[in-house]
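The chain contents come next:
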2 protein chains.
Amino acid sequence: MYRTHTCGELRPENIGSQVTLSGWVQNVNDLGGMSFINLRDRYGITQLAFNMDENAALCEAAQKLGREFVIRVEGDVIERASKNKRIPTGEIEIKVSSFEILNASKTPPFTIEDKTDGGDELRAQYRYLDLRRGPVQEKLRLRNKVALETRKYLDSQDFLDVETPMLIKSTPEGARDFVVPSRMNEGQFYALPQSPQTFKQLLMVSGFDRYYQIVKCFRDEDLRADRQPEFTQIDCEMAFVEQEDILNMFEGMIQHLFKTVKGVDLDEKFPRMTYAEAMERYGSDKPDIRFALEFVDLNEVAKGNGFAIFDDAEAILAINAEQCSSYTRKQLDALTDWVRRPQIGCKGLIYVKCNEDGSFKSSVDKFYSQEDLAKWAGAANAKPGDLLLVLSGGLDKTRKQLGELRLHMGNELGLRNPKVFKPLWVTDFPLLEWDEGTNRYHAMHHPFTSPKPEDMHMLDSDPGKVRANAYDLAMNGVELGGGSIRIHDRDVQSRMFDLLGFTKEEAEAQFGFLMSAFEYGAPPHGGLAFGLDRLVATMGGSESIRDYIAFPKNNSGRDVMIDAPSPLSDEQMTELNIKLI
Amino acid sequence: MYRTHTCGELRPENIGSQVTLSGWVQNVNDLGGMSFINLRDRYGITQLAFNMDENAALCEAAQKLGREFVIRVEGDVIERASKNKRIPTGEIEIKVSSFEILNASKTPPFTIEDKTDGGDELRAQYRYLDLRRGPVQEKLRLRNKVALETRKYLDSQDFLDVETPMLIKSTPEGARDFVVPSRMNEGQFYALPQSPQTFKQLLMVSGFDRYYQIVKCFRDEDLRADRQPEFTQIDCEMAFVEQEDILNMFEGMIQHLFKTVKGVDLDEKFPRMTYAEAMERYGSDKPDIRFALEFVDLNEVAKGNGFAIFDDAEAILAINAEQCSSYTRKQLDALTDWVRRPQIGCKGLIYVKCNEDGSFKSSVDKFYSQEDLAKWAGAANAKPGDLLLVLSGGLDKTRKQLGELRLHMGNELGLRNPKVFKPLWVTDFPLLEWDEGTNRYHAMHHPFTSPKPEDMHMLDSDPGKVRANAYDLAMNGVELGGGSIRIHDRDVQSRMFDLLGFTKEEAEAQFGFLMSAFEYGAPPHGGLAFGLDRLVATMGGSESIRDYIAFPKNNSGRDVMIDAPSPLSDEQMTELNIKLI
């Protein structure tokens, strides 16, 4: 037997018991007459005590143990002389009578401590050692809890967990598929699912009524910090529902998760905002509403003074950074540099300091009088001591840029408290978005999203204006999930494929099974998918999802620990009937 | 709003309420003055009533509804004149005041009834309609329940659900991998996991202590009825355990599942049998112990009488089919044909009828006297009225053949009651098996399985004799799962790779990360994986897993509904840097 107790379990009431523990040597502390070892496992740390006077040989053997050795010890639980109130086992220690080395350890390439000295690359290569560190284990424990509580909630609401296939069909629409050559079907390929979308809709056609799955999805995209080639969705679908039913159901789920996992009570009703309003007020379809810094439209007060940049701009938008008029030249230059970075792409940044004495100081004093600037301040509701930051240009672009600056200022001013969670439903997304590259419409959500009935009349005449029954749940500036009421009518679905530039043949070849299913009594249905990685990272107060994934891939899509992907053998290639170009 | 209640919800206490229901038209029953519709959803069936006298137009409209139309109805709950005690809603019906067609339906290609008229292929093509049938939905509901109860049990035992990656590295050992070309890493491929084996072992090295995952795995094998290219495992691993700890833990899990899901109490302690004993008594490493028909060794009593087939045979084995001496010539011929089929491969079948009068009648009367045959009967403990069935040949082959015949007789004699569940731990599997094709040893379980310490001394001298710390859980003739204590020592692992014919370079290239992990304090660990598909099928009393999978593939690995796999576009191939041979 390897252990009678874990390393996190013993308490004063166990004093006097003989116990067996197994775990890792966290450190060895040699005080001459006494030696102490902190023995660690997933459940905690227990102090082992060795006494030179009582058993010199044992004590000396213990002193030779290295960090991360795995040992099994036997001994008596005794009261600890100097108690450690910071850990639950801190009132006891083990007076060791014997121990055995179960496995030795080389010196780890970085310290296995909450704050390690290992760099990102080294930790990625030795991920199995990085995963020993407390904060990393904590993140995966959080993920485990969130997943299980998600299941419990959805099960209590009669959702059925149904597994959909991983080896499906490639559909060139949307992001790139990962594909899998079929050996048994020569020259043909499976695709890995970007989401179980069509299958969950078929389950609604099949009458499953409420479906969920926590499922891996795959997208062959160029990667960013918060993207992984494989990611996990909480995928849900309901039949006989309207948007309101879905929002209520998943509001309940998110509340349940925050309550049970974090002990946090979220708003009883999540606020809602249309896409149009979110873009107008925050320049983002996933606004962080933990703080204001809302957009102010300066078009009326700032045009016509001969400042060409503004006069020619479609939009002049400002945010009011309260109590920031004391920003120095250096701080303002840094902000200007920040918005000029290629990721943001502004030409410059205009500021107006609302001085405490009621005067104004701006970077465009040449063009605007104190009275002019007073009007700006009025429009922005700015008070003495505040700082206006102004961007201008095309409407969409300026909104996006100012939205980024708003988040940046939120960070700078400490307005984005990671312990505060502000959910927001964003609704009424546009059905389509125009793609300059391909010169045609793309589905903003996906081709199965239902247009709003009241906008159907514009489907041919002004498709860009048609709103969808689509919604996202944003939280703290992150999109946690999104969904829509789906099309359940063959003709509407077929019209949608037309709009998206599919030929009838392409639509039939790729999605014929779905359109066919719609002809056999498809119920109205809709659903939603949450990104589990992002949800957990947000709950953990982090913006990067990578830490919340046990074995993540790097920005080149590689697992550097196992060294994948890797070349195939010639035999494998031949069997699959493929070769490299 | 689509519904106030589901179609399975209304009871006499709802009489008098106004309700809205939505669902599928199961059938329309036109009785002249009255028409009735059975409205169906996942939760049940509710009868809708239409009265010609009260609302002729509505009644006539209802009569025009076709099977599988989706409708929403409003009406009052009233007491039913002729009650249907077979369904929970059978005491009420809805007096419909209005209805709306939500979606029409073409006539389905087969009936959506418990017993359908659709053939296998048609139902596969329209799987979304097949999934509407009650028995099919019941199977997936069972699967949902088993998965959730598995999670609840493992969570209660401190197991953490950790997701391991799907895009990993191809290792030519074992079954064939499905591979995924990497666009970002030109000329390189990921593999889909055959199991998360190495990752779960790394999690043990990381100190996660107890891990589980219900996870898709992939094997590119030629398919049989109970094999699918993608299948689902309940994958588990524990640190600081011996075999006994693992068997107890998962005995508890299986007991929990049968109790909570099926209300069945399994044996308090599951019986155990070594691999050697299972092969000797049943000719199978997953014996069905719901019935006896155990093997009888006739070598001693049947050799040396000049019957060359027996005299030359390594093994002469019999089973005693009790009360079957009345088998007719035709029945015996059918049995002979059965064992001669290529899947079994016997040359013939010898029988001995133990007649009620104490005499014997056999197919080898020419060689054996009544006294000889009496000895056989004695060895087999056969009584008058019994029938001995005898096979002979090489030991391994004859055991396998007689094992198959034993199961066949079990079926014939009705001894395999699908409502009886008999678990059995099979232990002490051989570590290696000799492969005639490649002329070398293969790992019977996998290369990470630990040899028994007491057999380690034979690892070089007689590797075929070494037993492993490996175990399977069999039930009713099906292998539900299997596992082992793993190697956690770099040197032993390296020796194992040597034995399996890996060069040092190959071992390092493929599994260097694991052997390296073993050098940094790897704890003793072991685990087990259950096949969820098989577990659920067994619990459902079925031998085929396909019915328990929402969207299964056929024997060519195709999904005929979505028509996958399929050819890729040239653009996709070029982007992936591959072409067809």
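Quick caveat: nothing in here was measured; it's all calculated off a predicted structure.

J.: Explanation requested: the relation of the copies chain B and chain A in the structure shown.
T.: When chain B is fitted to chain A, the residual RMSD is 0.1 Å, and the transformation amounts to a turn of 180 degrees plus an axial shift of 0.0 Å. Such a combination of rotation and displacement between the chain copies is what one expects of a two-fold axis. When the interface residues of chain B are mapped onto chain A, 100% of them again fall at the interface, so both copies present the same face.

J.: Please clarify how the interface of chain B and chain A should be interpreted in this entry.
T.: Many analyses report the size of an interface as the accessible area lost when the parts associate. The interface is formed by 121 residues belonging to chain B together with 121 residues belonging to chain A. Roughly 11200 Å² is buried in total at the junction of chain B and chain A, and carbon and sulfur atoms are behind 59% of that figure. Looking only at chain B, the three residues that lose the most surface to chain A are E163(B), F240(B) and Y520(B), adding up to 8% of its buried area. Run the count over chain B and chain A and you get 12 salt bridges. For the salt bridge of R183(A) with D222(B), the shortest nitrogen-to-oxygen distance reads 3.2 Å. For the interface between chain B and chain A, the tally reads 69 residue pairs in polar contact (both at pLDDT 80 or more). Broken down by element, the residue count for the side of chain B that touches chain A peaks at eight residues, all from helix 4 (residues 134-156) of chain B. Partitioned by chemical class, the residues of the side of chain B that touches chain A number 64 nonpolar, 26 polar and 31 charged.

J.: Before we go on, may I ask you to explain the sheet that holds strand 4 (residues 70-79) of chain B in this structure?
T.: Sheet strands pair via backbone hydrogen bonds, and the direction of the pair is either parallel or antiparallel. Residues and elements named next belong to chain B. Pairing is mixed around the closed barrel formed by five strands, whose spatial order is 1-2-3-5-4. When the angles between neighbouring strand axes are averaged without regard to direction, this sheet yields 55 degrees. Bridge analysis of strand 3 (residues 44-51) against strand 5 (residues 92-103) gives two bridges, and the strand direction is parallel. Counted as the bridge partner of A49 is K95 from strand 5. Sheet contacts for helix 1 (residues 56-63): strand 1 (18-30), strand 2 (34-41), strand 3 and strand 5; angle to strand 5, the most-contacted strand, approximately 65 degrees.

J.: Sorry, what's going on with the packing of aromatic side chains here?
T.: One pass over the full model with this rule turns up 48 aromatic pairs over all chains. Measuring from ring centre to ring centre gives 4.8 Å for Y368(A) and W376(A), while their planes differ by 65 degrees; the resulting arrangement is edge-to-face. In this pair, the class of Y368(A) matches that of W376(A), namely buried. Pairing Y275(B) with F429(B) gives two aromatic rings, centres 5.0 Å apart and planes at 45 degrees, and the pair type is tilted.

J.: Would you take a moment to explain the pattern of salt bridges for this structure?
T.: Pairing between side chains of opposite charge can happen when their charged atoms approach one another. Using the criterion set out here, one finds 92 salt bridges over all chains in the structure. When the shortest N-O distance is used, the salt bridge between R143(B) and E163(A) registers 2.7 Å. Of this pair, R143(B) sits in helix 4 while E163(A) sits in the loop between strand 6 (160-161) and strand 7 (179-181), each in a different chain. The exposure class assigned to R143(B) is buried, which follows from its relative accessible area of 7%. A residue is classified by how much of its surface remains accessible, and E163(A), at 19% relative accessible area, is buried.

Parameters and conventions
Residues numbered from 1 in each chain as written. Chains lettered and ligands numbered in written order. Predicted model: local features only at pLDDT ≥ 70, side-chain atom pairs only at ≥ 80, totals over all residues. Heavy atoms only, no water. Least-squares fit on C-alpha atoms with pLDDT ≥ 70 in both. Contact = heavy atoms within 4.5 Å. Buried area = accessible area lost by both parts, 1.4 Å probe. Salt bridge = Lys/Arg side-chain N within 4 Å of Asp/Glu carboxyl O. Polar contact = N/O pair within 3.5 Å; in protein donor to acceptor, adjacent residues only side chain to side chain. Helix = DSSP H or I, 4+ residues; strand = E, 2+ residues; numbered from the N terminus. Nonpolar A, V, L, I, M, F, W, Y, C, P; charged D, E, K, R; others polar. Pairing = 2+ DSSP bridges. Axes fitted to C-alpha atoms, helices over the stretch in contact; angles between N-to-C directions. Phe/Tyr/Trp six-rings, centres within 6.5 Å; stacked < 30°, edge-to-face > 60°. Buried < 20%, exposed > 50% of the residue type's maximum accessible area, 1.4 Å probe, protein only.

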